[in-house]
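Listed below, chain by chain, are the residues.
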Amino acid sequence: MLSQRRILLAVTGGIAVYKSLELLRLLKKQGAEVRVVMTQAATAFVQLLSFQALSGHAVHCELLDTEVEHAMGHIELARWADVFVIAPATANTLAKMAHGLADDLVSTLYLAANCPVYIAPAMNHVMWNHPATQANVKILQNHGINLISPESGEQACGEIGVGRMAEPETVCQRLISDLTMPQSLANLNVVITAGATREPLDPVRYLTNRSSGKMGYALALAAQKAGANVTLISGVTQLKPPANCNFVQVETAEQMHAAVFENIENCDIFIGTAAVADYRPVVCGGEKIKKNADQLTLTLQKNPDILADVAALKTPPFTVGFAAETNDLEHYARDKLTRKNLNMIAANWVGRAEGGFERDENALDVFWQDGKKTLPMTNKTELACQLITLIAERFDAKTKI
Ligand code: PMT
């Protein structure tokens, strides 16, 4: 059920607008309070009055409407919402959102909203597959929006391909499962590390790795959905941190170590998703290294092991590590589990065609002392929810001993 949820539904102009009427009906049936905004183009497909009648509230489509601003202006509307759903989302609206344009009510609301945002795109399959649209969707995912992927099938234009808006039942189900995720971590303090560290060689160069931060940021969001107070300690990424989390930006492994220990008091669960550089250059000069010699030898110093140090605390939190492996996954993961004295380890393959670094999808083999669970390949958002559920189960099992 979505009772008490305040959903702001933005409807943009495409033939799939008719599906939004059904979506509105389903959301209301689930007990949500829904307010609707439309673009001018959307009103060419379905009358504003239809949404007004179904929602029971005035529907607006103008940004500069003095009457509306007097009643519930766009900032107030953005603050009112628990969740902002844009369905259907056209290629044009996605492009405006991705690039920060605010020339109509919907795009302005997107910039003003600080709640979770969902998009259900709908367009011709060639438009959907166009590199410009795909790049815009990637940008939006990096902003932290939740994509409800378009489906494949016959389109209004008669062509066949991926681009149809997800069915209203699918959109509604996704919102129910995300917004009503069991509060299995309610009021627990969770500290998560994410992304890659950068180890400077000189003022312009650094050693780093391929971690994008996607897995760690997805875990931060999933832990929040499960009711946790989240501290996200992150290397430099292109991602937008989840709203309302305690976000700490770092660059090097030593800074990440310091930030973790500044935030570890009262931490119930620690999750080390970051790809921390194992070594750093011993010397980082103030001047750019010159390329005078044919060979250059770097002397590296081992970095502190953040995960092992957390697990070695006198009263450690429930400590979950990650293992990124190219071979003998279970062997190396279990070795880390034992050697670093962890409660759990989530192992993933890296360097393969699917999953691991940078990609939107991943799979995990999760190990604990006397157990194992495989979480098959899926998008990192969904995978993170599954891992958080498993962590909550193991945390409960441990605290009940
Ligand atoms: O960020 P993405 O692009 O989404 O990619 C996700 C991921 C592949 C980076 C992620 O799923 C993952 O596997 N993270 C761990 C990467 C890693 O460094 O693995 P490792 O096997 O080298 O390290 C083992 C564990 O020790 C990790 O929990 C790591 O955070 C921790 N560690 C390692 C070294 C160190 N000095 N301090 C640490 O805390």
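Not measured: the values here are computed from a predicted model. (Residues numbered from 1 in each chain as written. Predicted model: local features only at pLDDT ≥ 70, side-chain atom pairs only at ≥ 80, totals over all residues. Heavy atoms only, no water.)

> Sorry if this is basic, but what is going on with the side chain of Asp-365 here?
One can find Asp-365 in strand β18 (residues 361–368). In this view, Asp-365 contacts Leu-329, Ile-345, Ala-346, Ala-347, Lys-373 and Thr-374; residues no more than four positions away in its chain are not counted. (Helix = DSSP H or I, 4+ residues; strand = E, 2+ residues; numbered from the N terminus. Contact = heavy atoms within 4.5 Å.)

> Would you mind showing me how to read the packing of aromatic side chains here?
What characterises a pair of aromatic rings is the spacing of the ring centres plus the angle enclosed by the ring planes. Applying the stated rule across the entire model yields two aromatic pairs. Ring centres of Tyr-217 and Phe-247 lie 6.3 Å apart, and the angle between their planes is 65°; this geometry places the pair in the edge-to-face category. Here Phe-247 lies in strand β12 (residues 246–249) and Tyr-217 lies in helix α11 (residues 214–225), a separation of 30 residues in the sequence. For Tyr-217, a relative accessible area of 6% corresponds to the buried category. Residue Phe-247 is classed as partly exposed on the basis of its relative accessible area of 28%. Measuring from ring centre to ring centre gives 5.9 Å for Phe-318 and Phe-395, while their planes differ by 85°; the resulting arrangement is edge-to-face. You can see Phe-318 sitting in strand β16 (residues 318–325) and its partner Phe-395 sitting in helix α15 (residues 380–399), a full 77 residues away along the chain. (Phe/Tyr/Trp six-rings, centres within 6.5 Å; stacked < 30°, edge-to-face > 60°. Buried < 20%, exposed > 50% of the residue type's maximum accessible area, 1.4 Å probe, protein only.)

> What is the right way to read the site of the ligand from this model?
Lining the immediate surroundings of the ligand are 27 residues, of which Ser-212, Gly-272, Ala-274, Lys-336 and Asn-348 lie closest. Gly-272 is positioned such that a nitrogen or oxygen atom in its backbone is 2.6 Å from an oxygen atom of the ligand. Within the side chain of Lys-380, a nitrogen or oxygen atom sits 2.7 Å from an oxygen atom of the ligand. Coverage of the ligand by the protein chains reaches 94% of its 780 Å² of free accessible surface. Where the shell around the ligand is concerned, the elements lending two or more residues are α11, α13 (306–311) and β16. When grouped by side-chain class, the residues that make up the shell around the ligand number 11 nonpolar, nine polar and seven charged. (Near = heavy atom within 4 Å. Polar contact = N/O pair within 3.5 Å; in protein donor to acceptor, adjacent residues only side chain to side chain. Areas by Shrake-Rupley, 256 points an atom, 1.4 Å probe, with all protein chains shown as cover. Nonpolar A, V, L, I, M, F, W, Y, C, P; charged D, E, K, R; others polar.)

> What should I look at first to understand the packing of helix α1 (residues 17–29) against helix α10 (residues 168–179) in this one?
For any two helices packed against each other, the geometry is given by the interaxial angle and the distance between the axes. Their axes nearest at 9 Å, the elements α1 and α10 cross at an angle of 40°. Here α10 runs oblique to α1, going by the angle between their axes. The handedness of the crossing between α1 and α10 is right-handed. Facing Lys-19, Glu-22, Leu-23, Leu-26 and Leu-27 of α1, the residues of α10 in contact are Pro-168, Glu-169, Val-171, Cys-172 and Leu-175. Per-class residue counts for the contact of α1 with α10 are seven nonpolar, no polar and three charged. (Axes fitted to C-alpha atoms, helices over the stretch in contact; angles between N-to-C directions. Parallel < 35°, antiparallel > 145°, perpendicular 65-115°, else oblique. Left-handed = near helix turned anticlockwise from the far one by under 90°.)

> I keep staring at the sheet that holds strand β4 (residues 117–121) and nothing clicks. Help me out?
Either a parallel or an antiparallel arrangement is found when strands of a sheet pair, and the pairing is made through backbone hydrogen bonds. The sheet built from five strands is open, its strands ordered β2-β1-β3-β4-β5 with parallel pairing. The strands lining the two open edges of the sheet, one partner per strand, are β2 (33–38) and β5 (146–147). Of the strand pairs in this sheet, β4 and β5 are connected by two bridges, and their pairing is parallel. Residue pairing in the sheet places Ile-119 in a bridge with Leu-147 of β5. In the packing of helix α3 (residues 48–55) onto the sheet, contacts are made with β1 (6–11) and β2, and the angle to β2 comes to roughly 170°. (Pairing = 2+ DSSP bridges.)

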